[in-house]
Protein chains: 2
Amino acid sequence: MDLRDASHSLSEWRELIDRAEVGEVDEPIVNVDRDDLREYDAIFVGGGAGGRFGSAYLQALGGRQLVVDKWPFLGGSCPHQACVPHHLFSEAARELDLARWMSGKLWFPYFKDERASILEMVELFRAGRNSAHAFMNWQSKEQLGMEYILNAPARVIDEHTVEVAGERFTARNLVLATGARTRWPDIPGIDLPGVYDFASLVEDIAYEPNRCVIIGGSKVAIEYGSFFQAAGCPTTILSRSPLMRTASLHHVDEDIRCFVVEGMRTRGMTILEGAEPLEVVGDAWATGVTVRLADGRVETLEADFVFVGTGEQANSEPFVETLGVEVDDRGSIVVNRRMQTSIPGVYAIGDLIGAPMEMFKARKCGMTAARNVMGQPYEFDFSEYPDFLHSTYEITWVGLSEAEARERYGNVIVIQMPPKGVDFDELPLPCAEGSMLYAFTRPELTGFQKCVIDGESRRVVGAHHVGFGAKDAFQYLDYLIRRPQGLTIDEMGEMNELFLNPEHFIQLCRLRAGQGALVSL
Amino acid sequence: MDLRDASHSLSEWRELIDRAEVGEVDEPIVNVDRDDLREYDAIFVGGGAGGRFGSAYLQALGGRQLVVDKWPFLGGSCPHQACVPHHLFSEAARELDLARWMSGKLWFPYFKDERASILEMVELFRAGRNSAHAFMNWQSKEQLGMEYILNAPARVIDEHTVEVAGERFTARNLVLATGARTRWPDIPGIDLPGVYDFASLVEDIAYEPNRCVIIGGSKVAIEYGSFFQAAGCPTTILSRSPLMRTASLHHVDEDIRCFVVEGMRTRGMTILEGAEPLEVVGDAWATGVTVRLADGRVETLEADFVFVGTGEQANSEPFVETLGVEVDDRGSIVVNRRMQTSIPGVYAIGDLIGAPMEMFKARKCGMTAARNVMGQPYEFDFSEYPDFLHSTYEITWVGLSEAEARERYGNVIVIQMPPKGVDFDELPLPCAEGSMLYAFTRPELTGFQKCVIDGESRRVVGAHHVGFGAKDAFQYLDYLIRRPQGLTIDEMGEMNELFLNPEHFIQLCRLRAGQGALVSL
């Protein structure tokens, strides 16, 4: 299906993707400029976040690219199975949590013991997700001028050649961008029906879960588990490490962690730390999980729904096979800061190169590859970045935890709300949009925040927030605290806050900024 | 009541304020260091946002201050009658709006035609507001080391002397900070029972409004009106100017304005622009408002609740009388950028010096006065700042509107979502926390955003957002775009976004940042 000269509207794109999804379109969807005789500067193998943003950037630089994806749309797993459903479910969790706490108060109806349907939420997502896909196909063609082939997997032949639906395309460079998949734990019964990960949940679930056991303590485990519990499905998390103290999450402040994990327990979740899942039990269907608990006891926990949140592994195998590209001991493709692999002319980006498996990284890897392909010697270091996850709250942080700062600096100043020693029950702060109703009904639920400052340089070295509405700001805080001169408490105190602002950092810093020798607040 | 040597807990403070509020404590609450023999560097007359932050800053600088307030708490009108109830009511409006759109879907019960009680929300606020007050009294004494006298008005005797409850205090300087009050329109019937402003609504209302007419088109009118309508109380706004196109709101983008105002109409509000209110009618109680409409017709609109949102005027009269301080034609005290009035040694800050009557300005005025009092020649220019208001959405903006940018620059690039020409019904973007449920049920409701760029310098010159969760970020965007080197699209494109982020600016900028000659998106 050659769409080069067509100009599909969003609804036409959506209809096409809908049809492709149910198998009614099985030919490739081709948007290739056959009149352009230039060699491709790069072929992007995989059109997810990294492939699409890399392609856009390369186009913007005046290069020629082709991006190929097996799915009938660009954008990859984020809008199809990962970030977007996660955000939809996390919003549901937040609203359900509010509905439960406010049950029978003000205009809120009685809801304390009501169920919300997980299945219905999944179906809502499934029915709607192609709208975002349609937009990305439309934008990529009409606004960004990209060339692409969709609905057909790319097979890499060599470092310059890719085969798609029987046709070979060559390029100066390849950019590998096929992402990652769940690393399923190697225990008996894991392949039973009734065991899901974030992807198969969205694709396959067809019944209403009534009791959930989650294997693993990743972000996904916390996020989806919080949703299941908020929906009224009793949920147990089995985590080897203390929750939010896993290797894949760095810089988590211990006070923040306690607020979040205790908050999950308060809402009825069972969190078993130091737990080792041994087996998913069941005959034709998963009916429980056998686990060795921290104290050594072995128990079987009942479940009609087992969810795996143990992290992901790169889809690197085909490239090891055909190109011999170097991978690390977890199977992630090894790259330098220019996204160059061990094979000259072959780049790899996104989840395929390992953690952090986050959107900013995938997209900026794509940009980095594009710039280097086009002769700009650009490096991307993603060892530090702002991070977030959801429970029923948004939890966002950047820079150092208080403990990390105390290891590194001799004079650490902490500005936090509630202040140390103040009872959360007595103080409806922090509060702003999203926590106002709590502030006036359950002050202990409004959130928690902390700003960590090196008292000598006066620089903000870490910022941490649990609540609502602060996530967006951390993008800019990350930039500000990591620029060479950093961000001092004095500069914070001179900014213009929009009150009530979710994180109160500017105003709180101003209360201390006048001090020569800073004191915690 | 001398509390200098007491160390009240938050709950003890709350009890004391509760008692003072109902008249059980009528003596001054005194926290003055009688052992400190230094002269006061400044007495702050009024302990609202400006007086409290100015006092804190002056203390932090090592100066000695006294702050006096007629109310039994510090913090002023913001947590008592203004910003805090506004945010509580705006959160209610947002949740009620969601409840109506989602009525009967998913777990949401039928709600389309239900009422929520405005009175009950006011009572909730009234019952809880003293918690924040208690915290500010506690923090100001225990953490910030401030001296204060509460529950007693200050009378200014001369430029160095203030009398409080019969005792005179002298200081090197005075800082006037007694705020503003509603500028009631001068029409017959305005003093009838049943006519409220934001302050008397919170203090006095004792019945359930069932039909509201709002006189004026200020932020307060839009914010409270959106809440009344969302609660199910049919609401009409009478505004002389087109809504959001008043002199007091600068840099409002026309596309944003249309999205917001049309959104209010979609939700059932009646908005009459070009309307001139002539009279509040009624015998013992307001029963309607007579208005001359834009087409010249005169009509009487029925109402059992009239709300005045026509803006505010400074409480400057006592200072004109006793000090002869210069005021402008609206009665605001005239100050320079150091907050110095026409009287040497007398400063004025906050709402008392006129628009913008915003928290950041009040607090930073306080800081500015404190620094100058303490010999730091510091200037504060608040002619440009980030701004926001609520409908059922958060609306936030900074910098130039698209039209303003086009007047100033020859090559304006606009990056917006939905893109120009795309139907809002077809695109569930922008979306993130707060708009995910809409994205999958009513895509046209998710919001609207725009980034305005000067194509030559590549600098972001304006950013505009309607939706949820972006407000906090605009504090930092304001700082970034107004620093000397500004913020280019290229720098935006290199930031680390937290996806899904409410305003998508970083990722959208990255899609264009590679271009030499920028093109709109």
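Scroll up for the structure.
Residues numbered from 1 in each chain as written. Chains lettered and ligands numbered in written order. Predicted model: local features only at pLDDT ≥ 70, side-chain atom pairs only at ≥ 80, totals over all residues. Heavy atoms only, no water.

### Some remarks on the sheet that holds strand β19 (residues 387-390) of chain B
Residue and element names in this part refer to chain B.
Then, in step 1: If you walk across this open sheet you meet the five strands as β19-β20-β23-β22-β21, and the pairing is antiparallel. The sheet is open, and its two edges are formed by β19 and β21 (412-417), each paired on a single side. Between one strand axis and the next, the sheet turns by 10° as a mean value, whatever way the strands run.
Then, in step 2: Judged from the six bridges that link them, β21 and strand β22 (residues 448-454) form a sheet pairing that is antiparallel. (Pairing = 2+ DSSP bridges. Helix = DSSP H or I, 4+ residues; strand = E, 2+ residues; numbered from the N terminus. Axes fitted to C-alpha atoms, helices over the stretch in contact; angles between N-to-C directions.)

### Considering the nonpolar core
Then, in step 1: Counting residues in hydrophobic clusters, the biggest one holds 344 residues, and the most contacted among them are Leu176(A), Phe228(A), Leu176(B) and Phe228(B).
Then, in step 2: Look past the residues within four positions of Leu176(B) in its chain and what remains in contact with it is Val45(B), Val156(B), Phe319(B), Leu323(B), Ile333(B), Val346(B), Tyr347(B), Ala348(B), Ile349(B) and Leu352(B). (Core = buried A, V, L, I, M, F, W, Y, C linked by side-chain atoms within 4.5 Å. Buried < 20%, exposed > 50% of the residue type's maximum accessible area, 1.4 Å probe, protein only. Contact = heavy atoms within 4.5 Å.)

### As for the packing of helix α2 (residues 49-60) of chain A against helix α15 (residues 505-513) of chain B
Then, in step 1: Relative orientation of the contacting elements α2(A) and α15(B) amounts to 40°, with a least axis distance of 7 Å. Judged on the interaxial angle alone, α15(B) and α2(A) are oblique. Contacts between α2(A) and α15(B) involve Arg52(A), Phe53(A), Ala56(A), Tyr57(A) and Ala60(A) from the former and Gln507(B), Arg510(B), Leu511(B) and Ala513(B) from the latter.
Then, in step 2: Each residue belonging to the contact of α2(A) with α15(B) can be placed in one class, and the counts come to six nonpolar, one polar and two charged. (Parallel < 35°, antiparallel > 145°, perpendicular 65-115°, else oblique. Nonpolar A, V, L, I, M, F, W, Y, C, P; charged D, E, K, R; others polar.)

### Remarks on the side chain of Gln143(A)
Then, in step 1: Tracing the chain through its elements places Gln143(A) in helix α5 (residues 118-143).
Then, in step 2: Among the residues examined, Gln143(A) registers a relative accessible area of 18% and is labelled buried.

### Things to note about the interface of chain B and chain A
Then, in step 1: On the side of chain A, 106 residues touch chain B, which itself brings 106 residues to the contact.
Then, in step 2: When the two sides are added together, the surface that chain B and chain A hide from each other amounts to roughly 9200 Å², 65% of it contributed by carbon and sulfur.
Then, in step 3: Scanning the region where chain B abuts chain A turns up six salt bridges.
Then, in step 4: Where Glu433(A) meets Lys471(B), a salt bridge forms, and the shortest distance between an N and an O atom there is 2.7 Å.
Then, in step 5: At twelve residues, helix α5 (residues 118-143) of chain B tops the list of elements feeding residues into the side of chain B that touches chain A.
Then, in step 6: When its residues are assigned to classes, the side of chain B that touches chain A shows 62 nonpolar, 19 polar and 25 charged. (Buried area = accessible area lost by both parts, 1.4 Å probe. Salt bridge = Lys/Arg side-chain N within 4 Å of Asp/Glu carboxyl O.)

### Topic: the sheet that holds strand β11 (residues 235-239) of chain A
All names here are of chain A.
Then, in step 1: Strand order in this open sheet of five strands is β9-β16-β10-β11-β12, and the pairing throughout is parallel. Two strands in the sheet have a free side with no partner beyond their single neighbour: β9 (195-196) and β12 (270-273).
Then, in step 2: When strand β10 (residues 212-215) meets strand β16 (residues 305-308), the two strands line up parallel, connected through four bridges. Within the sheet, the bridge partner assigned to Val 213 lies in β16 and is Val 306.
Then, in step 3: Sitting on the sheet, helix α7 (residues 219-230) touches β10, β11 and β16, and the angle it makes with β11 is about 165°.
Then, in step 4: Across the face of the sheet, helix α8 (residues 254-266) comes into contact with β11 and β12 while running at roughly 130° to β12.

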